[in-house]
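# Structure assessment
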Amino acid sequence: MSETDTQTSGKPSLKGLGLPARIPFAKMHGLGNDYVYVATFDLDIAAPSQLAIHISDRHFGVGGDGLVLIGRSDVADFRMRMFNADGSEAEMCGNAIRCVGKYLFDNRRTDSTELSVETLAGIRHLVLTVVDGVVQTVRGDMGKPRLAPADLPMNAPGESFINQPVEVDGKTWLGTAVSVGNPHLVVPVPDVMSLDLERIGPLFENHPLFPRRVNTEFVQINSADDVCMRVWERGSGETMACGTGACATLVACALNNLTGRQATVRLLGGDLRIEWAEDDTIFMTGPATLVATGEYFLPNF
């Protein structure tokens, strides 16, 4: 077995998929939620799921929570597609879309500080804060939350699933289900740092209630406008931050009278400011950070 075959053992082969041998990329993160970003304006990525598995590997790839493709759109200014580290395609990522805005402006794909971005969860609007020609923070319109279990999807009856019991690991937890374009279950706990997320996270992710799996946010309430959150993301495991998860968290906390409609959500990677406006739209404000740029050399070439 060759060295490259050994390194990629257990992963789908990239041979014969028409991918270029070298792929330019940017490594970016929003509060530690890191992805590999690839512009597809002049590049065809024919097998993004397979590529995501390889390029996200933290030992043999660039390393990240997944792969994000940035390209043209017929219905918005730009389009974003995102793939988790396991190759599954996700509808949206709040931290990733902030980085998409930064990538587009900093790389002179646009000179506008207000952008629309097509995602699988719908079109999202961004407002960029620029300092000395470089994007520092991004405020994103994250759309309106959906509460019906059928919208997540979720195997539960009724119009909502708010503060309802969920049996996991022999224990009853109380959770609130919220879709922010992707599915979330928000679970209040007394102390987020005491949780064994490596053990219980997969049990929540693959719970029979959620046929397409679920992102789970464990939330500690500090005050009416301040909460701490840890997240287990489907397809990626625990991440340093989750923008859509922070949005779902505020909605769930407000619905349960644990917070108001604005709060700082403190994640392992830093803080996000979330606002649930009176018209039901959720707004998220936070940083976007470039780590590195380079070329990814495909295995087996």
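Relative to strand β12 (residues 215-223), strand β11 (residues 183-188) runs parallel, the two sharing five bridges. Residue pairing in the sheet places His-184 in a bridge with Asn-215 of β12. Between the parallel elements β11 and β12, the chain passes through helix α4 (residues 197-205) in a crossover that is right-handed. Bridge count between β12 and strand β13 (residues 226-233): seven bridges; the pairing is antiparallel. Its bridge partner lying in β13, Glu-217 is registered against Val-231.

What follows concerns the state of the cysteines. Scanning all chains against the criterion turns up zero disulfides. Unpaired in terms of disulfides, Cys-93 finds its nearest cysteine sulfur in Cys-242, a separation of 6.0 Å. The class for Cys-93 is buried, based on a relative accessible area of 2%. Cysteine Cys-228 remains unbridged, with the sulfur of Cys-253 as its closest cysteine sulfur at 11 Å.

Within helix α2 (residues 48-55), six of the eight residues are buried, leaving the element largely enclosed by the surrounding structure. For α2, the full list of buried residues reads Pro-48, Leu-51, Ala-52, Ile-53, His-54 and Ile-55. Where α2 is buried, its residues meet β1 (22-30), β2 (33-39), β3 (66-71), β4 (78-84) and β18 (289-297).

Right, let's talk about the pattern of salt bridges for a bit. Within this structure, the stated rule accounts for 19 salt bridges. One salt bridge connects Lys-102 with Asp-106, and the closest N-O pair in it is separated by 2.7 Å. Highlighted residues: Lys-102 and Asp-106, both in helix α3 (residues 94-106), separated by four residues, approximately one helical turn. Linking Asp-196 and Arg-199 is a salt bridge whose minimum nitrogen-to-oxygen distance equals 3.4 Å. Judged by its relative accessible area of 39%, Asp-196 falls in the partly exposed class.

Rules and cut-offs
- Residues numbered from 1 in each chain as written.
- Predicted model: local features only at pLDDT ≥ 70, side-chain atom pairs only at ≥ 80, totals over all residues.
- Heavy atoms only, no water.
- Pairing = 2+ DSSP bridges.
- Helix = DSSP H or I, 4+ residues; strand = E, 2+ residues; numbered from the N terminus.
- Right-handed = clockwise from strand over helix to strand, strands pointing away.
- Disulfide = S-S within 2.5 Å.
- Buried < 20%, exposed > 50% of the residue type's maximum accessible area, 1.4 Å probe, protein only.
- Contact = heavy atoms within 4.5 Å.
- Salt bridge = Lys/Arg side-chain N within 4 Å of Asp/Glu carboxyl O.

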